[in-house]
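# Report on the structure
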Amino acid sequence: MKILLMGHPNVGKSGLFNRLTGAKITESNYPGTTVDYTQGHMKLKGKDVEVVDVPGTFSLKPKDKAEEVAVKMFKESKGSVTVCVLDASKVERGLYLTLEIIEKGYPVIVALNMWDIAKDKEIDINVRKLEAILGVPVVPTVAISGEGIKEMVSRIDETSPVKIEKVIKRSGGTESKNPTIDERWDIIDRISNKVIEYGKYEHTLKDAIAELTVKPYTGIPVAIAVLYGFWAFFGAFAGFFTDGFFVKLFDVHWLPWLQDNFPGEGGWVYYILVGDPAADNCFEAFGMLTSGLFVAIGVVLPAIIAFYLFLIILEDSGYLPRLAVLIDTLLHKIGLHGFAIVPLILSLGCNVPAVTATRTLETKKQRFMMMVLLSVFIPCGAQLGIMIEVIPDYVGFIMFYLFLGFFVWGYILNKIIPGKSPEILLDVPPYQRPMLRNVGRKLWLRTKSFFTVAIPFVLLGVVIVNLLYLGGVLDWLANIFEPVLMGWFGVPKETVGPLIAAFLRKDLAVAQLSAIEMTTYQLITAVVLVSLYFPCVATFAMIIKEGKESGWKGVVRIFFGSMIVLIVIVFLWGGLLHLLWILLGVG
Amino acid sequence: MIALRRKASKMKPGERGVVISIEGDLKERIAGMGIRVGKALEMSAKQPAKGPIVVLIDSSSISLGREIADKIVVEVEK
């Protein structure tokens, strides 16, 4: 037996899923948080049953990739018990999907989720009557508090397929068993007249804020303030812990202690693990236990925590869709639309989940563009953390140059890539107060995944680069690439080491760059190059995985497509910076 | 009360109206979101430079691109 959780985006399916299965998947307040299905298990009358959290969809006619995943899952699970999760304050439009599902002959149970919000809005729903008309169990629930979950579970086995003709008849109509769109709405109107009573709706402070943050003349200044606040918080929080605590810990205590006590100075093991015996800070030492640990824990960890703390509050409050509306005008000019801001902001934390988040964009063209643009131009939180630490004065310029590239190349790609660029069509949810429990849990999950994925890669990266150096491979490569690096980009040939490290971790690469002797302008170019050039392995793997959805042809297309775009952009956009320095007389 | 027919994209912020028709494929695309013929709709915000609009329908806020809103005809209350 399998149970599907189906419903509109952002009605709390993932919250319900977590309640049912004890899982801990991400819940946020914006449509499209879940873009892939998640499977879990629960006990039902002593038996183990599978539960699937399906991405939200407005109807069984998908309009983007995430909805496609949902509808495909639905069709493949023919006959499974379907929990139709409705937002109790918006029952009418939720019933549209419910009727579609009933028409397909699936056994249905309706969860009127966010029941508390409906009560606050004085919406009175006659649950018994609704149940009688639909002929399926209807249970009010509040996923975040757990209210109604037990009753819902106990009634899952009451479900059985219902004939739509009977529902139509009980609603008092005579439509056929294959209603058109308008007829389906007529049925819903009659049902809603019988079971729902709307109290007097009062305009609250929340509504006023909701309106002000989406109207252009008030919303745009607020958006700028929020984004600036995000940046300022990120820098201040990360700086506070890194400069105030970790730099001291690593440079004053850990490094000298290792240098004094680690056996075998001069040997290769010492070189790989501790690095340069004469170094007086952890950026220059470049051993696995010195620079590796310092970069991962001392610099990147505080940056990641700072980034996600702020992001999660934005996610849970419901601000992101409003930002999407405000920035749509700009993003639509380059063939994307406002909702691309979600993968873009996620990308500033880590490119990997951002690639998956592109599924909320409608067309292949938009998804391809966004995947390439974000993996090329958007530095991740780990890299940003290091940049703020080693080149605080130039981060602003570098970010400006990268974002400019995002728009310029977005504009170009939009012109040359065939395909459609549909406009924004987005449900803007009401604001909600972020709940401490959810914020804490999400922060913990994301930090944990950073620990398990990133730290081994940082440490491995140091080891590989050191081995290549010891084996003479780095020198050899440096000499081979010198004409390109020096001639085209104007950076010293030693940057070949960091560029190799950038395959694994961009944060590590920037840290390494800071220890190479070069001019400020060369350093800026080198950091830009590290960002532009090949996405880190994890991101690249994710892009290929997304291509796999459309078979091996998809993989080939996305691999060669993104490689070509990538190489062109690296040479032109990186070379342009060198040209700029030459024109300014500093190159 | 005089009623005026116009495209949803031409409504002014704060104006209300009732949806009269939705063009072609769009009808199916937005049906699930609750936008349909016969529904009251209020223009809540309009972004400059041909940016998207935000409408209120049954107390849900929905943002639509300008060209999408061109395909929805409403009868505006005056």
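What comes next concerns the included structure. (Residues numbered from 1 in each chain as written. Chains lettered and ligands numbered in written order. Predicted model: local features only at pLDDT ≥ 70, side-chain atom pairs only at ≥ 80, totals over all residues. Heavy atoms only, no water.)

## Observations regarding the nonpolar core
Residue and element names in this part refer to chain A. Counting 132 residues, the largest nonpolar core has L336, F377 and F406 as the members making the most contacts within it. At 16 residues, the largest contribution of residues to this core is made by helix α13 (residues 288-317). Not counting residues up to four positions away in its chain, the partners in contact with F377 are L402, G405, F406, W409, L532, I569 and W573. Grouped together as the second largest cluster of nonpolar side chains are 45 residues, L60, C84, L99 and I101 included. (Core = buried A, V, L, I, M, F, W, Y, C linked by side-chain atoms within 4.5 Å. Buried < 20%, exposed > 50% of the residue type's maximum accessible area, 1.4 Å probe, protein only. Helix = DSSP H or I, 4+ residues; strand = E, 2+ residues; numbered from the N terminus. Contact = heavy atoms within 4.5 Å.)

## Let's talk about a positive patch on the surface
Residues and elements named next belong to chain A. Residues K163, K166, K169, R170 and K177 make up a contiguous surface patch of positive charge. Looking at the secondary structure, you find R170 in helix α7 (residues 164-170). Judged by relative accessible area, which is 35%, R170 ranks as partly exposed. (Patch = residues over 30% accessible without salt bridge, like charges linked within 9 Å, V, L, I, M, F, W, Y side chains within 5 Å. Areas by Shrake-Rupley, 256 points an atom, 1.4 Å probe, with all protein chains shown as cover. Salt bridge = Lys/Arg side-chain N within 4 Å of Asp/Glu carboxyl O. Lys, Arg positive; Asp, Glu negative; His and termini not counted. Charge placed at Lys NZ, Arg CZ, Asp CG, Glu CD.)

## Focus on the interface of chain B and chain A
Across the contact, 31 residues belong to chain B and 29 residues belong to chain A. Buried surface at the junction of chain B and chain A, summed over both partners, amounts to about 2800 Å²; 55% is from carbon and sulfur atoms. Of all residues in chain B, B:R29, B:M33 and B:R36 give up the largest surface area on contact with chain A, accounting jointly for 22% of the area buried on that side. As a salt-bridge pair, A:K61 and B:E28 come within 4.0 Å of each other at their nearest N and O atoms. Elements with a minimum of two residues in the side of chain B that touches chain A: α1 (26-31), β3 (40-46), β5 (60-64) and α2 (66-70) of chain B. A per-class count over the side of chain B that touches chain A returns 12 nonpolar, 10 polar and 9 charged. (Buried area = accessible area lost by both parts, 1.4 Å probe. Nonpolar A, V, L, I, M, F, W, Y, C, P; charged D, E, K, R; others polar.)

## Quick look at the pairing of strand β6 (residues 72-77) of chain B
Residues and elements named next belong to chain B. Residues I72, V74 and V76 point to one face of β6 and are all buried, whereas V73, E75 and E77, pointing to the other face, are not buried. Judged from the 5 bridges that link them, strand β2 (residues 16-22) and β6 form a sheet pairing that is antiparallel. Residue V19 lies in a different strand from β6, and its bridge partner there is V74. (Pairing = 2+ DSSP bridges.)

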